[in-house]
Amino acid sequence: MQTKPILIVGSMAFDDLEFPVPVASPDVRSAAESDPRATTSFKDVVGGSATYSALAASAFAPVRVVAVVGRDFPEATLETLRSRRIDTAGIERADGLTFRWKGRYHADLVNRDTLDTQLNVFANFRPRLASGYGDSPLVLLGNIHPELQLEVLEQTTKPELVVADTMNFWITGEPKTLAKLIARIDLLIINDEEARLLSGIHNLARAAKEILSRGPKGLIIKRGEHGSLFFDKDGVFAAPALLLEHVVDPTGAGDSFAGGLLGYLAEQGKYDHHTMRRAMMHGTAAASYCVEAVGTLGLSELSRENIRQRVERIRHLTHVGEE
Ligand code: AMP
């Protein structure tokens with residue numbers, strides 16, 4: 001069975017990141033405990049939902065990216081993507097500045113506040129799929145304005161699987177457009193806080209039921225270091241997160257999870273409940289590499305074999321054997 005190509009739309013960005021602790025430290029968490037006032041910030045880190053997802057998915061499958069960057073975006077990053085089977089023909093270089101996001105992490109290195117979002121070239125972006133992209137069998141509508149996600153979806157011809165990611169920024173800012181999108185996808189990926197915001201229900205089991213009633217066949221709720229949950233008509237599956245000793249920068253973990261998940265599904269060519277369970281483990285493995293370094297560094301050389309090794313570790317974490 002040949003691995004299927006994945007179409008990914010999302011942001012490509014410069015991120016400014018602020019951490020409460022010096023990231024150069026070998027153990028960021030213990031540094032936080034010893035000096036809670038220390039801070040470290042990084043400016044102009046190349047990020048964006050499409051960048052993270054594409055890098056993770058490319059460990060499994062050929063990837064096609066639809067995005068926009070400004071004149072200031074480094075050509076070297078596009079070269080890195082191309083060196084990993086990522087087709088960049090769908091990345092438009094527009095006149096203006098690249099999308100910017102600024103976030104500040106709390107001392108737990110899990111929660112964060114968005115300090116600034118500048119849409120820049122995304123404000124006037126109208127995605128037009130490059131030739132041959134429309135018939136992509138797997139489509140990942142990465143976190144971006146839901147109107148753009150819908151525009152991409154409308155240009156595809158009967159994809160086998162449509163997955164969308166979103167965030168609180170769009171849940172509160174664009175609820176109607178987001179509702180239209182959610183009704184048309186197969187799988188929605190959000191975090192626990194977003195699931196509560198979207199459904200208005202605190203209890204995650206009931207929140208999931210409510211969200212599934214809006215149209216998607218499946219729902220994944222990410223819970224950071226507590227792993228993730230998958231809900232569909234056949235039941236619930238809980239994937240643990242790996243217990244990592246060095247968590248450096250969680251930015252892009254969710255996007256890498258989605259990229260790894262779709263990569264595995266593209267490789268398997270089927271999307272039933274049991275394949276989804278295994279796909280969750282592969283998404284988790286991809287995300288674990290992402291958080292070990294600043295920006296996309298942890299993913300830049302990610303291989304299928306790296307993923308295989310971490311999936312083994314995740315399996316081992318929960319294996320209980322026979323009674
Ligand atoms: P994650 O940590 O998986 O939520 O993804 C973080 C990435 O999402 C960063 O690299 C940001 O550039 C990007 N990002 C943040 N806010 C937005 C937004 N409103 N639209 C699109 N991308 C965003």
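Read on for a plain summary of the structure.

Rules behind the numbers
Residues numbered from 1 in each chain as written. Predicted model: local features only at pLDDT ≥ 70, side-chain atom pairs only at ≥ 80, totals over all residues. Heavy atoms only, no water. Buried < 20%, exposed > 50% of the residue type's maximum accessible area, 1.4 Å probe, protein only. Helix = DSSP H or I, 4+ residues; strand = E, 2+ residues; numbered from the N terminus. Arc of directions from axis to C-beta. Contact = heavy atoms within 4.5 Å. Pairing = 2+ DSSP bridges.

Topic: helix 8 (residues 204-212)
Since the α-helix turns once every 3.6 residues, residues separated by three or four places project in the same direction.
Right, on to step 1. Inspection of helix 8 places L204, A207, A208 and I211 among the buried residues, and these make up the whole buried set. Down the axis of helix 8, the smallest arc covering the buried residues is 100°, so these residues share one side. Along helix 8, the residues that are exposed and aim more than 90 degrees away from the buried face are R206 and K209.

A closer look at the environment of A123
Right, on to step 1. Turning to its location among the elements, A123 is positioned in the loop between strand 8 (112-118) and strand 9 (138-141).
Right, on to step 2. As a C-alpha pair, A123 and L7 span 116 residues in sequence and 21 Å in three-dimensional space.

Section: the side chain of S256
Right, on to step 1. Its location among the elements puts S256 in helix 9 (residues 253-268).
Right, on to step 2. Not counting residues within four places of it along the chain, the set of residues in contact with S256 comprises Y52, A56, G283, A286, A287, C290 and L299.

A closer look at the pairing of strand 1 (residues 6-9)
Right, on to step 1. Neither face of strand 1 is open: one carries I6 and I8, the other L7 and V9, and all of them are buried.
Right, on to step 2. Note that strand 1 and strand 4 (residues 63-69) share 4 bridges and pair parallel. Bridging across to strand 4, I6 finds its partner in V63.
Right, on to step 3. In this sheet, strand 9 lies alongside strand 1 in parallel orientation, the contact comprising 4 bridges. Counted as the bridge partner of V9 is L141 from strand 9.

Remember, this is a structural readout, not a statement about activity or role.
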